[in-house]
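Working through the structure, step by step
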Amino acid sequence: MLKIMIVDDSRIFRKMLRAFFTENGHDVIGEAGNGLEALELLKTLTPDLITLDITMPEMDGIEALKQIKANNPKQEVIMVSAAGQNSKVIDALKIGASDFIQKPFDPEDISIVLSKLFDNI
(Lines give C-alpha, C1' and ligand atoms only; values in the text may rest on other atoms or scores of the structure.)
Protein backbone atom coordinates (compact mmCIF):
# COMPACT_ATOMS: atom_id res chain seq x y z
CA MET A 1 0.00 0.00 0.00
CA LEU A 2 1.34 3.40 -1.01
CA LYS A 3 0.81 6.66 0.83
CA ILE A 4 -0.18 9.19 -1.84
CA MET A 5 -0.65 12.95 -2.01
CA ILE A 6 -2.75 14.35 -4.86
CA VAL A 7 -2.07 17.90 -6.04
CA ASP A 8 -4.47 19.33 -8.62
CA ASP A 9 -6.59 22.48 -8.84
CA SER A 10 -9.51 20.44 -10.20
CA ARG A 11 -11.59 19.03 -7.35
CA ILE A 12 -13.20 16.58 -9.79
CA PHE A 13 -9.84 15.26 -10.95
CA ARG A 14 -8.63 14.90 -7.34
CA LYS A 15 -11.79 12.93 -6.58
CA MET A 16 -11.22 10.65 -9.60
CA LEU A 17 -7.60 10.00 -8.62
CA ARG A 18 -8.57 9.40 -4.98
CA ALA A 19 -11.18 6.84 -6.10
CA PHE A 20 -8.64 5.06 -8.31
CA PHE A 21 -5.98 4.89 -5.60
CA THR A 22 -8.29 3.82 -2.78
CA GLU A 23 -9.99 1.20 -4.96
CA ASN A 24 -6.53 -0.23 -5.61
CA GLY A 25 -5.62 -0.46 -1.93
CA HIS A 26 -3.59 2.73 -1.51
CA ASP A 27 -3.96 5.43 1.12
CA VAL A 28 -4.48 9.04 0.00
CA ILE A 29 -2.93 10.92 2.91
CA GLY A 30 -3.35 14.45 1.54
CA GLU A 31 -4.76 16.64 -1.19
CA ALA A 32 -3.81 20.12 -2.31
CA GLY A 33 -5.22 22.53 -4.88
CA ASN A 34 -1.92 24.17 -5.85
CA GLY A 35 1.82 23.96 -5.34
CA LEU A 36 1.90 26.24 -2.29
CA GLU A 37 -0.66 24.08 -0.48
CA ALA A 38 1.35 20.99 -1.41
CA LEU A 39 4.56 22.40 0.04
CA GLU A 40 2.72 23.24 3.28
CA LEU A 41 1.34 19.69 3.53
CA LEU A 42 4.79 18.23 2.92
CA LYS A 43 5.97 19.84 6.16
CA THR A 44 3.88 17.25 8.04
CA LEU A 45 3.26 14.43 5.53
CA THR A 46 5.65 11.88 4.03
CA PRO A 47 3.98 10.39 0.95
CA ASP A 48 5.52 7.59 -1.06
CA LEU A 49 4.14 9.27 -4.18
CA ILE A 50 2.90 12.70 -5.21
CA THR A 51 0.72 13.27 -8.26
CA LEU A 52 1.34 16.84 -9.38
CA ASP A 53 -0.71 18.76 -11.92
CA ILE A 54 1.35 21.03 -14.15
CA THR A 55 -1.07 23.94 -14.58
CA MET A 56 -2.37 25.37 -11.29
CA PRO A 57 -2.92 28.82 -9.78
CA GLU A 58 -0.58 30.42 -7.22
CA MET A 59 2.25 27.93 -7.83
CA ASP A 60 2.32 25.62 -10.83
CA GLY A 61 3.55 22.05 -10.83
CA ILE A 62 6.94 22.83 -12.35
CA GLU A 63 7.86 25.29 -9.59
CA ALA A 64 6.45 22.97 -6.91
CA LEU A 65 8.45 20.07 -8.36
CA LYS A 66 11.67 22.11 -8.17
CA GLN A 67 11.07 22.82 -4.48
CA ILE A 68 9.95 19.27 -3.67
CA LYS A 69 13.06 17.82 -5.30
CA ALA A 70 15.32 20.39 -3.58
CA ASN A 71 13.96 19.25 -0.21
CA ASN A 72 13.76 15.53 -1.01
CA PRO A 73 15.59 14.42 -4.18
CA LYS A 74 14.28 10.84 -3.84
CA GLN A 75 10.59 11.81 -3.70
CA GLU A 76 8.59 9.99 -6.38
CA VAL A 77 6.46 12.48 -8.35
CA ILE A 78 4.15 11.72 -11.25
CA MET A 79 3.28 14.80 -13.27
CA VAL A 80 -0.25 15.18 -14.60
CA SER A 81 -0.55 17.05 -17.88
CA ALA A 82 -3.24 18.14 -20.25
CA ALA A 83 -2.84 17.66 -23.99
CA GLY A 84 -0.44 20.12 -25.57
CA GLN A 85 1.90 20.41 -22.57
CA ASN A 86 4.71 18.29 -23.99
CA SER A 87 7.43 20.89 -23.45
CA LYS A 88 6.43 21.30 -19.79
CA VAL A 89 6.39 17.52 -19.32
CA ILE A 90 9.93 17.34 -20.74
CA ASP A 91 11.00 20.14 -18.37
CA ALA A 92 9.47 18.26 -15.43
CA LEU A 93 11.26 15.03 -16.35
CA LYS A 94 14.56 16.93 -16.57
CA ILE A 95 13.95 18.41 -13.11
CA GLY A 96 13.38 14.94 -11.70
CA ALA A 97 9.75 13.90 -12.13
CA SER A 98 9.48 10.11 -12.07
CA ASP A 99 6.93 9.87 -14.90
CA PHE A 100 3.74 11.48 -16.17
CA ILE A 101 0.13 10.71 -17.02
CA GLN A 102 -2.10 12.68 -19.34
CA LYS A 103 -5.59 14.00 -18.64
CA PRO A 104 -8.08 12.52 -19.11
CA PHE A 105 -6.32 9.54 -17.60
CA ASP A 106 -6.87 5.88 -18.31
CA PRO A 107 -6.67 3.84 -15.08
CA GLU A 108 -4.44 1.33 -16.88
CA ASP A 109 -1.91 4.11 -17.58
CA ILE A 110 -1.65 4.86 -13.87
CA SER A 111 -1.27 1.17 -13.05
CA ILE A 112 1.57 0.86 -15.56
CA VAL A 113 3.40 3.88 -14.11
CA LEU A 114 2.97 2.61 -10.54
CA SER A 115 4.32 -0.82 -11.46
CA LYS A 116 7.38 0.81 -13.06
CA LEU A 117 8.10 2.90 -9.96
CA PHE A 118 7.28 0.52 -7.12
CA ASP A 119 7.90 -3.17 -6.52
CA ASN A 120 5.10 -5.42 -5.27
CA ILE A 121 2.05 -3.29 -6.01
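A brief structural summary. (Residues numbered from 1 in each chain as written. Predicted model: local features only at pLDDT ≥ 70, side-chain atom pairs only at ≥ 80, totals over all residues. Heavy atoms only, no water.)

**Focus on the pairing of strand β3 (residues 49–53)**
Counting buried residues in β3 gives 5 out of 5 residues, a clear majority hidden from the surface. In β3, alternate side chains face the same way, and those of Leu 49, Thr 51 and Asp 53 on one face and Ile 50 and Leu 52 on the other are all buried. Judged from the 4 bridges that link them, strand β1 (residues 3–7) and β3 form a sheet pairing that is parallel. Bridge pairing in β3 places Val 7 opposite Leu 52. Since β3 and strand β4 (residues 76–81) lie parallel, the crossover through helix α3 (residues 61–71) that links them has a hand, and here it is right-handed. (Buried < 20%, exposed > 50% of the residue type's maximum accessible area, 1.4 Å probe, protein only. Helix = DSSP H or I, 4+ residues; strand = E, 2+ residues; numbered from the N terminus. Pairing = 2+ DSSP bridges. Right-handed = clockwise from strand over helix to strand, strands pointing away.)

**Re the nonpolar core**
When a protein is soluble and globular, its nonpolar side chains tend to lie buried together. Counting residues in hydrophobic clusters, the biggest one holds 20 residues, and the most contacted among them are Val 7, Ile 50, Leu 52, Leu 65, Val 77 and Met 79. Looking at this core, the elements with two or more residues in it are β1, α2 (35–41), β3, α3, β4 and α4 (86–95). In contact with Ile 50, other than residues within four places in its own chain, are Met 5, Val 7, Leu 42, Ile 68, Gln 75, Glu 76, Val 77 and Ile 78. With 17 residues, the next largest nonpolar core counts Ile 6, Phe 13, Phe 21 and Val 113 among its residues. (Core = buried A, V, L, I, M, F, W, Y, C linked by side-chain atoms within 4.5 Å. Contact = heavy atoms within 4.5 Å.)

**Quick notes on the side chain of Asp 99**
By secondary structure assignment, the location of Asp 99 is in strand β5 (residues 99–102). Within the structure, Asp 99 has its side chain in polar contact with the side chain of Lys 116 (distance 2.9 Å). The contacts of Asp 99, once residues within four sequence positions are left out, are Val 77, Ile 78, Met 79, Leu 93, Val 113 and Lys 116. (Polar contact = N/O pair within 3.5 Å; in protein donor to acceptor, adjacent residues only side chain to side chain.)

**Notes on α3**
All buried positions along α3 are accounted for by Gly 61, Ile 62, Ala 64, Leu 65, Ile 68 and Lys 69. Projected down its long axis, α3 carries its buried residues within an arc of 155°, all on one side. Exposed residues on α3 whose side chains face more than 90 degrees from its buried face are Ala 70 and Asn 71. Measuring from the side-chain oxygen of the N-cap residue of α3 to the backbone nitrogen of Ile 62 gives 3.2 Å; that N-cap residue is Asp 60. (Arc of directions from axis to C-beta.)

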